[in-house]
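# A closer look at the structure
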Amino acid sequence: MKQEAFQARHGAEWTRFEHWLDARQARQRQQRAQADTIMAASEFPSALRRLCQQLAVAERRDYSTQLVADLRGLAQRGHQVLYRPRPPRLRLLFDFLAAGFPRLVRAQGACMAAAAALFFVPLIAVAILLQWHPELIHSLFDSRQLAQFENMYNPLHHADRLGRDGGADLQMFGVYVFNNVSIGCRTFASGLLAGVGAVFVLVFNGIIIGGVAGHLTAIGYGGPFWDFVAGHSAPELLAIVIAGGAGLHIGMALLAPGRRSRARALAEAGVDGAKLVLGVFAMLVLAAFIEAYWSSIVWLPSTLKHAVGLALWSLLLLWLWRGGRSPAPMHADGGADASG
(Lines give C-alpha, C1' and ligand atoms only; values in the text may rest on other atoms or scores of the structure.)
Protein backbone atom coordinates (compact mmCIF):
# COMPACT_ATOMS: atom_id res chain seq x y z
CA MET A 1 0.00 0.00 0.00
CA LYS A 2 1.33 3.42 -0.94
CA GLN A 3 1.88 6.01 1.74
CA GLU A 4 -0.90 8.26 0.42
CA ALA A 5 -3.47 5.47 0.66
CA PHE A 6 -2.16 4.51 4.10
CA GLN A 7 -2.56 8.07 5.35
CA ALA A 8 -6.00 8.43 3.79
CA ARG A 9 -7.19 5.23 5.52
CA HIS A 10 -5.91 6.05 8.99
CA GLY A 11 -5.53 9.85 9.03
CA ALA A 12 -8.90 10.57 10.67
CA GLU A 13 -8.11 8.09 13.45
CA TRP A 14 -4.73 9.73 14.10
CA THR A 15 -6.33 13.19 14.22
CA ARG A 16 -8.97 11.98 16.68
CA PHE A 17 -6.28 10.37 18.84
CA GLU A 18 -4.20 13.56 18.82
CA HIS A 19 -7.18 15.74 19.75
CA TRP A 20 -8.02 13.36 22.60
CA LEU A 21 -4.43 13.60 23.90
CA ASP A 22 -4.49 17.39 23.66
CA ALA A 23 -7.71 17.56 25.68
CA ARG A 24 -6.58 14.93 28.20
CA GLN A 25 -3.26 16.65 28.87
CA ALA A 26 -4.70 20.17 29.09
CA ARG A 27 -4.14 22.09 32.30
CA GLN A 28 -7.66 23.43 32.70
CA ARG A 29 -10.31 21.04 33.98
CA GLN A 30 -12.93 22.24 31.49
CA GLN A 31 -10.60 21.41 28.61
CA ARG A 32 -9.86 17.97 30.07
CA ALA A 33 -13.59 17.30 30.29
CA GLN A 34 -13.80 17.66 26.50
CA ALA A 35 -11.75 14.47 26.11
CA ASP A 36 -14.82 12.34 26.84
CA THR A 37 -16.67 13.96 23.94
CA ILE A 38 -13.83 13.01 21.54
CA MET A 39 -13.22 9.44 22.69
CA ALA A 40 -14.28 7.40 25.69
CA ALA A 41 -11.44 6.61 28.07
CA SER A 42 -12.22 2.89 27.72
CA GLU A 43 -11.36 3.11 23.99
CA PHE A 44 -7.89 4.54 24.64
CA PRO A 45 -5.90 1.29 25.13
CA SER A 46 -7.18 -0.24 21.89
CA ALA A 47 -6.62 3.04 20.02
CA LEU A 48 -3.03 3.17 21.28
CA ARG A 49 -2.47 -0.46 20.29
CA ARG A 50 -3.69 0.24 16.75
CA LEU A 51 -1.47 3.31 16.52
CA CYS A 52 1.59 1.28 17.55
CA GLN A 53 0.77 -1.33 14.91
CA GLN A 54 0.42 1.40 12.28
CA LEU A 55 3.74 2.88 13.37
CA ALA A 56 5.41 -0.51 12.92
CA VAL A 57 3.90 -0.84 9.44
CA ALA A 58 5.11 2.66 8.49
CA GLU A 59 8.65 1.85 9.64
CA ARG A 60 8.71 -1.51 7.89
CA ARG A 61 7.54 -0.04 4.58
CA ASP A 62 10.01 2.87 4.74
CA TYR A 63 7.38 5.58 4.63
CA SER A 64 8.51 9.19 4.94
CA THR A 65 10.61 10.25 7.90
CA GLN A 66 8.05 12.92 8.79
CA LEU A 67 5.16 10.43 8.95
CA VAL A 68 7.13 7.99 11.09
CA ALA A 69 8.20 10.81 13.43
CA ASP A 70 4.63 12.04 13.79
CA LEU A 71 3.30 8.58 14.58
CA ARG A 72 6.15 7.91 16.99
CA GLY A 73 5.41 11.19 18.80
CA LEU A 74 1.72 10.25 19.16
CA ALA A 75 2.68 6.80 20.44
CA GLN A 76 5.07 8.26 23.00
CA ARG A 77 2.41 10.69 24.24
CA GLY A 78 -0.05 7.83 24.46
CA HIS A 79 2.37 5.75 26.52
CA GLN A 80 2.85 8.67 28.91
CA VAL A 81 -0.89 8.80 29.51
CA LEU A 82 -1.18 5.01 29.81
CA TYR A 83 1.66 4.52 32.25
CA ARG A 84 1.51 7.73 34.25
CA PRO A 85 0.93 7.33 38.01
CA ARG A 86 -2.71 7.10 38.99
CA PRO A 87 -4.10 10.20 40.70
CA PRO A 88 -4.47 10.01 44.49
CA ARG A 89 -7.66 8.32 45.61
CA LEU A 90 -8.89 11.54 47.17
CA ARG A 91 -8.52 13.25 43.79
CA LEU A 92 -10.41 10.43 42.07
CA LEU A 93 -13.18 10.72 44.63
CA PHE A 94 -13.39 14.48 44.19
CA ASP A 95 -13.52 14.17 40.40
CA PHE A 96 -16.28 11.57 40.67
CA LEU A 97 -18.40 13.68 43.01
CA ALA A 98 -17.84 16.83 40.96
CA ALA A 99 -18.53 15.34 37.53
CA GLY A 100 -19.04 11.58 37.35
CA PHE A 101 -21.85 11.38 39.89
CA PRO A 102 -24.10 14.09 38.40
CA ARG A 103 -23.52 12.63 34.92
CA LEU A 104 -24.63 9.23 36.17
CA VAL A 105 -27.72 10.74 37.81
CA ARG A 106 -28.67 12.43 34.53
CA ALA A 107 -28.02 9.23 32.58
CA GLN A 108 -30.78 7.60 34.64
CA GLY A 109 -33.07 10.61 34.31
CA ALA A 110 -36.27 8.63 33.75
CA CYS A 111 -35.82 6.60 36.95
CA MET A 112 -34.80 9.71 38.88
CA ALA A 113 -37.88 11.61 37.69
CA ALA A 114 -40.12 8.71 38.68
CA ALA A 115 -38.46 8.51 42.10
CA ALA A 116 -38.92 12.26 42.63
CA ALA A 117 -42.63 11.98 41.81
CA LEU A 118 -43.10 8.94 44.06
CA PHE A 119 -41.45 10.78 46.96
CA PHE A 120 -42.45 14.43 46.67
CA VAL A 121 -46.05 14.06 45.49
CA PRO A 122 -47.16 12.08 48.62
CA LEU A 123 -45.05 14.35 50.83
CA ILE A 124 -46.67 17.54 49.56
CA ALA A 125 -50.15 16.02 49.29
CA VAL A 126 -50.16 14.75 52.89
CA ALA A 127 -48.74 18.01 54.26
CA ILE A 128 -51.48 20.00 52.52
CA LEU A 129 -54.24 17.54 53.41
CA LEU A 130 -53.43 17.82 57.12
CA GLN A 131 -54.05 21.55 57.03
CA TRP A 132 -57.71 20.80 56.20
CA HIS A 133 -58.11 17.52 58.11
CA PRO A 134 -55.60 17.53 61.00
CA GLU A 135 -57.29 14.54 62.65
CA LEU A 136 -55.91 12.26 59.92
CA ILE A 137 -52.48 12.45 61.57
CA HIS A 138 -53.63 9.77 64.03
CA SER A 139 -53.75 7.32 61.14
CA LEU A 140 -50.00 7.73 60.72
CA PHE A 141 -48.62 8.13 64.25
CA ASP A 142 -49.65 7.08 67.72
CA SER A 143 -50.04 9.54 70.59
CA ARG A 144 -46.58 8.90 72.01
CA GLN A 145 -44.88 9.69 68.70
CA LEU A 146 -46.93 12.84 68.24
CA ALA A 147 -46.05 14.02 71.74
CA GLN A 148 -42.38 13.50 70.99
CA PHE A 149 -42.55 15.53 67.77
CA GLU A 150 -44.49 18.32 69.47
CA ASN A 151 -42.06 18.49 72.37
CA MET A 152 -39.09 18.81 70.01
CA TYR A 153 -40.60 21.75 68.12
CA ASN A 154 -42.70 23.50 70.75
CA PRO A 155 -42.07 27.27 70.33
CA LEU A 156 -42.29 27.68 74.12
CA HIS A 157 -39.66 25.05 74.75
CA HIS A 158 -36.35 26.94 75.08
CA ALA A 159 -33.84 24.15 74.51
CA ASP A 160 -30.16 24.56 73.88
CA ARG A 161 -30.58 22.81 70.55
CA LEU A 162 -33.57 22.86 68.26
CA GLY A 163 -35.13 19.63 67.00
CA ARG A 164 -33.66 17.30 69.61
CA ASP A 165 -33.99 16.58 73.28
CA GLY A 166 -30.28 16.51 74.05
CA GLY A 167 -26.89 15.17 73.07
CA ALA A 168 -23.65 16.83 72.02
CA ASP A 169 -23.23 17.95 68.41
CA LEU A 170 -20.66 15.26 67.64
CA GLN A 171 -22.82 12.56 69.18
CA MET A 172 -25.86 13.68 67.20
CA PHE A 173 -23.77 13.87 64.03
CA GLY A 174 -23.05 10.16 64.41
CA VAL A 175 -26.72 9.43 65.07
CA TYR A 176 -27.82 11.41 62.03
CA VAL A 177 -25.23 9.72 59.79
CA PHE A 178 -26.44 6.29 60.88
CA ASN A 179 -30.11 7.14 60.42
CA ASN A 180 -29.66 8.88 57.07
CA VAL A 181 -27.38 6.25 55.55
CA SER A 182 -29.62 3.40 56.71
CA ILE A 183 -32.61 5.04 54.99
CA GLY A 184 -30.61 5.58 51.81
CA CYS A 185 -29.32 2.00 51.73
CA ARG A 186 -32.78 0.54 52.35
CA THR A 187 -34.24 2.71 49.61
CA PHE A 188 -31.63 1.52 47.11
CA ALA A 189 -31.60 -2.14 48.14
CA SER A 190 -35.39 -2.37 47.97
CA GLY A 191 -35.07 -2.08 44.19
CA LEU A 192 -34.03 -5.75 44.15
CA LEU A 193 -37.69 -6.60 44.78
CA ALA A 194 -38.40 -5.97 41.08
CA GLY A 195 -38.57 -2.24 41.81
CA VAL A 196 -41.72 -2.63 43.91
CA GLY A 197 -39.74 -2.24 47.11
CA ALA A 198 -38.25 1.04 45.95
CA VAL A 199 -41.70 2.35 45.06
CA PHE A 200 -43.01 1.43 48.51
CA VAL A 201 -40.06 2.95 50.39
CA LEU A 202 -40.23 6.20 48.44
CA VAL A 203 -43.98 6.61 48.90
CA PHE A 204 -43.81 5.57 52.57
CA ASN A 205 -41.02 8.03 53.41
CA GLY A 206 -42.82 10.78 51.52
CA ILE A 207 -46.01 10.17 53.53
CA ILE A 208 -44.17 10.06 56.86
CA ILE A 209 -42.13 13.21 56.25
CA GLY A 210 -45.15 15.01 54.87
CA GLY A 211 -47.16 13.88 57.88
CA VAL A 212 -44.68 15.31 60.37
CA ALA A 213 -44.34 18.58 58.45
CA GLY A 214 -48.10 18.95 57.94
CA HIS A 215 -49.00 18.17 61.54
CA LEU A 216 -46.50 20.54 63.11
CA THR A 217 -47.52 23.31 60.72
CA ALA A 218 -51.22 22.71 61.42
CA ILE A 219 -50.83 23.04 65.20
CA GLY A 220 -48.71 26.20 64.99
CA TYR A 221 -45.29 24.60 65.49
CA GLY A 222 -44.24 25.13 61.88
CA GLY A 223 -41.83 27.96 62.66
CA PRO A 224 -39.30 25.94 64.70
CA PHE A 225 -39.77 22.90 62.45
CA TRP A 226 -39.05 24.73 59.19
CA ASP A 227 -36.15 26.58 60.83
CA PHE A 228 -34.66 23.22 61.74
CA VAL A 229 -35.11 21.38 58.42
CA ALA A 230 -34.38 24.30 56.07
CA GLY A 231 -30.61 23.82 56.09
CA HIS A 232 -30.23 20.07 55.64
CA SER A 233 -33.39 19.28 53.66
CA ALA A 234 -31.75 19.66 50.23
CA PRO A 235 -28.93 17.07 50.55
CA GLU A 236 -31.08 14.71 52.62
CA LEU A 237 -34.22 14.64 50.47
CA LEU A 238 -32.36 14.68 47.16
CA ALA A 239 -30.19 11.80 48.36
CA ILE A 240 -33.29 9.75 49.19
CA VAL A 241 -34.68 10.43 45.71
CA ILE A 242 -31.41 9.46 44.00
CA ALA A 243 -31.17 6.26 46.08
CA GLY A 244 -34.75 5.47 45.09
CA GLY A 245 -33.99 6.18 41.43
CA ALA A 246 -31.03 3.80 41.60
CA GLY A 247 -33.32 1.19 43.17
CA LEU A 248 -35.86 1.64 40.37
CA HIS A 249 -33.04 1.21 37.84
CA ILE A 250 -32.16 -2.10 39.48
CA GLY A 251 -35.81 -3.14 39.29
CA MET A 252 -36.04 -2.22 35.61
CA ALA A 253 -32.96 -4.32 34.88
CA LEU A 254 -34.78 -7.29 36.39
CA LEU A 255 -38.11 -6.67 34.71
CA ALA A 256 -36.99 -5.37 31.29
CA PRO A 257 -33.38 -6.33 30.54
CA GLY A 258 -33.88 -5.73 26.80
CA ARG A 259 -31.52 -7.63 24.54
CA ARG A 260 -29.16 -8.35 27.39
CA SER A 261 -29.47 -11.36 29.63
CA ARG A 262 -31.16 -10.63 32.94
CA ALA A 263 -27.95 -11.45 34.81
CA ARG A 264 -25.88 -9.08 32.68
CA ALA A 265 -28.45 -6.29 32.92
CA LEU A 266 -28.56 -6.69 36.71
CA ALA A 267 -24.76 -6.69 36.94
CA GLU A 268 -24.47 -3.49 34.89
CA ALA A 269 -27.24 -1.81 36.88
CA GLY A 270 -25.53 -2.93 40.08
CA VAL A 271 -22.26 -1.26 39.08
CA ASP A 272 -24.06 2.01 38.35
CA GLY A 273 -26.04 1.63 41.56
CA ALA A 274 -22.89 1.16 43.65
CA LYS A 275 -21.46 4.37 42.21
CA LEU A 276 -24.69 6.24 42.91
CA VAL A 277 -24.74 4.94 46.48
CA LEU A 278 -21.26 6.40 46.99
CA GLY A 279 -22.54 9.83 45.98
CA VAL A 280 -25.69 9.37 48.06
CA PHE A 281 -23.53 8.52 51.07
CA ALA A 282 -21.56 11.76 50.63
CA MET A 283 -24.79 13.77 50.40
CA LEU A 284 -26.21 12.14 53.52
CA VAL A 285 -23.03 12.76 55.49
CA LEU A 286 -23.23 16.42 54.43
CA ALA A 287 -26.88 16.52 55.52
CA ALA A 288 -25.98 15.00 58.90
CA PHE A 289 -23.19 17.53 59.42
CA ILE A 290 -25.49 20.45 58.68
CA GLU A 291 -28.24 18.96 60.84
CA ALA A 292 -25.93 18.51 63.84
CA TYR A 293 -23.92 21.72 63.69
CA TRP A 294 -26.19 24.26 61.95
CA SER A 295 -29.86 23.28 61.88
CA SER A 296 -30.10 22.82 65.63
CA ILE A 297 -28.80 26.30 66.56
CA VAL A 298 -31.66 28.15 68.26
CA TRP A 299 -30.44 31.76 68.15
CA LEU A 300 -29.91 32.04 64.37
CA PRO A 301 -32.55 34.19 62.62
CA SER A 302 -35.18 32.30 60.63
CA THR A 303 -34.47 34.46 57.59
CA LEU A 304 -30.83 33.42 57.58
CA LYS A 305 -31.64 29.73 57.98
CA HIS A 306 -34.17 29.79 55.16
CA ALA A 307 -31.80 31.74 52.91
CA VAL A 308 -29.05 29.19 53.49
CA GLY A 309 -31.50 26.37 52.85
CA LEU A 310 -32.65 27.96 49.59
CA ALA A 311 -29.04 28.49 48.53
CA LEU A 312 -28.24 24.81 49.18
CA TRP A 313 -31.26 23.70 47.16
CA SER A 314 -30.15 25.92 44.28
CA LEU A 315 -26.51 24.81 44.41
CA LEU A 316 -27.27 21.09 44.62
CA LEU A 317 -29.81 21.21 41.80
CA LEU A 318 -27.36 23.21 39.69
CA TRP A 319 -24.64 20.65 40.45
CA LEU A 320 -26.87 17.73 39.42
CA TRP A 321 -27.95 19.58 36.27
CA ARG A 322 -24.59 20.96 35.12
CA GLY A 323 -21.92 18.89 36.89
CA GLY A 324 -19.65 17.06 34.47
CA ARG A 325 -21.04 18.71 31.36
CA SER A 326 -18.46 19.71 28.76
CA PRO A 327 -18.41 23.38 27.79
CA ALA A 328 -19.94 24.07 24.39
CA PRO A 329 -17.29 23.95 21.65
CA MET A 330 -16.64 27.29 19.94
CA HIS A 331 -17.03 27.75 16.22
CA ALA A 332 -14.54 29.68 14.17
CA ASP A 333 -16.79 32.74 14.30
CA GLY A 334 -16.65 32.69 18.09
CA GLY A 335 -20.18 31.39 18.64
CA ALA A 336 -20.96 28.49 20.92
CA ASP A 337 -22.36 25.24 19.61
CA ALA A 338 -25.73 24.71 21.27
CA SER A 339 -25.36 20.93 20.98
CA GLY A 340 -22.60 20.92 23.62
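Residues numbered from 1 in each chain as written. Predicted model: local features only at pLDDT ≥ 70, side-chain atom pairs only at ≥ 80, totals over all residues. Heavy atoms only, no water.

Okay, the overall build of the chain next. Of the regular secondary structure elements, the chain holds 14 helices and zero strands. Its helices and strands taken in sequence order, the chain reads α-α-α-α-α-α-α-α-α-α-α-α-α-α from the N to the C terminus. Each of the 340 residues in the chain was classed as buried or not, and the buried ones make up 40%. Counting only contacts in the chain whose residues sit at least 6 apart along the sequence, the fraction spanning at least 24 positions is 75%. (Helix = DSSP H or I, 4+ residues; strand = E, 2+ residues; numbered from the N terminus. Buried < 20%, exposed > 50% of the residue type's maximum accessible area, 1.4 Å probe, protein only. Contact = heavy atoms within 4.5 Å.)

Tallying each qualifying case throughout the model produces six salt bridges. For E13, the salt bridge identified is with R50, shortest N-O distance 2.5 Å. Here the residue E13 occupies a position in helix α1 (residues 3-24), and R50 occupies one in helix α4 (residues 44-60), the gap between them amounting to 37 residues. Residue classification places R50 among the partly exposed residues on the basis of a relative accessible area of 34%. Of the charged contacts, one joins R260 and E268 as a salt bridge, the two residues approaching to 2.5 Å between their closest N and O atoms. Owing to a relative accessible area of 33%, R260 belongs among the partly exposed residues under this scheme. (Salt bridge = Lys/Arg side-chain N within 4 Å of Asp/Glu carboxyl O.)

So, about the confidence of the model for the chain. Of the residues in the chain, 90% have a pLDDT of 70 or more, and the chain-wide mean is 86. Throughout residues 328-340 the model reports pLDDT below 50, and contacts reaching past four residues in sequence, or to other chains, amount to 12 contacts. (pLDDT = per-residue confidence, 0-100.)

The next subject is helix α14 (residues 302-322). Look at α14: 30 Å from first C-alpha to last across 21 residues, which is about the 30 Å you get at 1.5 Å a residue. Against the buried residues of α14 lie α6 (89-107), α11 (222-229), α12 (233-255) and α13 (262-295). (Expected span 1.5 Å × (residues − 1).)

When its volume is computed, the second largest pocket comes out at roughly 1200 Å³. Around the second largest pocket, the lining comprises 40 residues; the ones closest to its centre are Y153, I209, V212, F225 and E236. It is helix α9 (residues 169-189) that provides the largest number of residues to the lining of the second largest pocket, a total of eight residues. Across the lining of the second largest pocket, the residue classes tally to 25 nonpolar, 11 polar and four charged. (1 Å grid on protein atoms, 1.4 Å probe; cavity = no way out; pocket = protein on both sides within 12 Å on 5 of 7 lines; lining within 4 Å. Points joined across faces, edges and corners; volume = space filled by probe spheres on them. Nonpolar A, V, L, I, M, F, W, Y, C, P; charged D, E, K, R; others polar.)

Formed by 47 residues in total, the largest nonpolar core has its most connected members in F101, V105, Y153, L216, F225, I242 and L276. Per-element tally for this core: the top contributor is α13, with nine residues. Not counting residues up to four positions away in its chain, the partners in contact with L276 are F101, L104, V105, Q108, M112, I242 and A246. Listed in part, the 22 residues of the second largest apolar core include F6, L21, M39 and L74. (Core = buried A, V, L, I, M, F, W, Y, C linked by side-chain atoms within 4.5 Å.)

What follows is about α6. In the structure, α6 departs most strongly from a straight axis at F96, where the bend amounts to approximately 45°. Where α6 is concerned, the buried positions are F96, A99, G100, F101, P102, L104 and V105. (Bend = angle between axes of the 7 residues up to and from the residue.)

The next subject is the packing of aromatic side chains. Going through the model one piece at a time under the given rule, you end up with 15 aromatic pairs. A ring pair is formed by Y153 and F225, whose centres lie 5.4 Å apart and whose planes are at 80°; its orientation type is edge-to-face. Within this pair, whereas Y153 is found in the loop between α8 (143-152) and α9, its partner F225 is found in helix α11, the two being separated by 72 residues in sequence. Comparing Y153 with F225, the two get one shared label, buried. Seen in terms of ring centroids, F289 and Y293 are 4.9 Å apart; in terms of plane orientation they differ by 35°. Their pairing is tilted. Within this pair, F289 and its partner Y293 are both found in helix α13, separated by four residues, close to a single helical turn. (Phe/Tyr/Trp six-rings, centres within 6.5 Å; stacked < 30°, edge-to-face > 60°.)

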